[in-house]
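# Understanding the architecture of this molecule
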Amino acid sequence: MSNRRATMTRFSSTNDEVNDLILKLQALLPDSSSMSNLNTRVSAAKILKETSTYIKKLQREADDLSARLSKLLASGEITAIDADIISSLLKQ
């Protein structure tokens, strides 16, 4: 019986850790306040789905900004000083 209790305690501890991580993840989402309020509990699956959607959106935005920056640098419409500043920012 003590082995079973130990297993259940470890499982409960792992669940608590996962739940804590899910709540931390939810707090990082920009519209997390609209996903839940004080009276409603949001499922972990919904938080993970929202996180996945948000990461994909950020990836698309990064790709778009990268393409725009490449075009700007290639166009010659910026000064050498501007190009140096941009390059140093990108290396950070």
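Here, every reference points to the structure presented above.
A brief report on the enclosed structure follows. (Residues numbered from 1 in each chain as written. Predicted model: local features only at pLDDT ≥ 70, side-chain atom pairs only at ≥ 80, totals over all residues. Heavy atoms only, no water.)

Looking now at the environment of Val-42. On the secondary structure map, Val-42 appears in the loop between helix 2 (32–35) and helix 3 (44–75). Along the backbone, Val-42 and Leu-23 are 19 residues apart, and their C-alpha atoms lie at a distance of 9.5 Å. (Helix = DSSP H or I, 4+ residues; strand = E, 2+ residues; numbered from the N terminus.)

The next thing to look at is the pattern of salt bridges. A side chain of one charge can pair with a side chain of the opposite charge when the charged atoms of the two come close. Evaluated as defined, the whole model comprises three salt bridges. A salt bridge links Glu-61 to Lys-57, with the shortest nitrogen-to-oxygen separation between them at 3.7 Å. You can see Glu-61 and its partner Lys-57 sitting in helix 3, four residues apart, about one turn around the helix. Put simply, Asp-64 and Arg-68 hold a salt bridge, and the shortest N to O gap is 3.9 Å. One end of the pair is Asp-64 and the other is Arg-68, both in helix 3 and four residues apart, which spans about a single turn. (Salt bridge = Lys/Arg side-chain N within 4 Å of Asp/Glu carboxyl O.)

The next subject is the environment of Leu-21. Assignment of secondary structure puts Leu-21 in helix 1 (residues 2–28). Residue Leu-21 is classed as exposed on the basis of its relative accessible area of 55%. Placed 23 residues apart in sequence, Leu-21 and Ala-44 show a C-alpha to C-alpha distance of 9.9 Å. (Buried < 20%, exposed > 50% of the residue type's maximum accessible area, 1.4 Å probe, protein only.)

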